[in-house]
Amino acid sequence: MSATLATVSYIGATILFILSLGGLSNPESSRRGNLYGMIGMTVAVLATLFGPRVTGAGIPWIIGAMAGQHADHGERDRRHDDERGEIRTKL
């Protein structure tokens, strides 16, 4: 991906993030705001992964950081449920 395309992608992601915040301020538009935020984050991550500054050696680091962040959130959710005394069951 060229530097120009990466820059345009980041600007588009920024606009989607701003629209996301505006959508989250109202209960009726919160679903649309969440959607804008998810699309903006996807665009930003893809622009970073395929941008001109990331080499082949950097991609595993980015994927590892994302996987580690995902694992941390799962552990935090379990601790939060335990503190409230709730038990989650898997179906």
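Quick caveat: nothing in here was measured; it's all calculated off a predicted structure.

What counts, and where the lines are drawn
- Residues numbered from 1 in each chain as written.
- Predicted model: local features only at pLDDT ≥ 70, side-chain atom pairs only at ≥ 80, totals over all residues.
- Heavy atoms only, no water.
- Helix = DSSP H or I, 4+ residues; strand = E, 2+ residues; numbered from the N terminus.
- Buried < 20%, exposed > 50% of the residue type's maximum accessible area, 1.4 Å probe, protein only.
- Contact = heavy atoms within 4.5 Å.
- Areas by Shrake-Rupley, 256 points an atom, 1.4 Å probe, with all protein chains shown as cover.
- Expected span 1.5 Å × (residues − 1).
- Arc of directions from axis to C-beta.
- pLDDT = per-residue confidence, 0-100.

On a plain count of helices and strands, the chain comes out with three helices and zero strands. Within the span of the chain, comprising 91 residues, buried residues form 18% of the whole. Of all intrachain contacts in the chain linking residues separated by at least 6 positions in sequence, the fraction that spans at least 24 positions is 45%. Accessible area for the chain stands at about 7200 Å²; split by element, carbon and sulfur atoms hold 65% of it.

In this fold, Ser20 is placed in helix H1 (residues 3-24). In contact with Ser20, not counting residues within four places along its chain, are Gly33, Tyr36 and Gly37.

Here we take up H1. Here H1 is 22 residues long and its end C-alpha atoms lie 31 Å apart, about the 32 Å a rise of 1.5 Å per residue gives. Every buried residue belonging to H1 is among Ala6, Ser9, Ala13, Leu16, Ser20 and Gly23, and all of these are buried. The buried residues of H1 occupy one face: seen down the axis, they fall within an arc of 95°. Facing away from the buried surface of H1 by more than 90 degrees, the exposed residues are Thr4, Val8, Ile18 and Leu21. Contact partners of the buried residues in H1: helix H2 (30-49).

Moving on, we get to the confidence of the model for the chain. Regions with low pLDDT should not have their predicted coordinates read in detail. Looking at the chain as a whole, the pLDDT averages 80, with 76% of positions reaching at least 70. Highest mean pLDDT in the chain belongs to H1 (92); lowest belongs to helix H3 (residues 59-84) (68).

Further remarks concern the environment of Val45. Relative to the assigned elements, Val45 resides in helix H2. When the C-alpha atoms of Val45 and Tyr10 are compared, they prove to be 9.3 Å apart, with 35 residues separating the residues in sequence.

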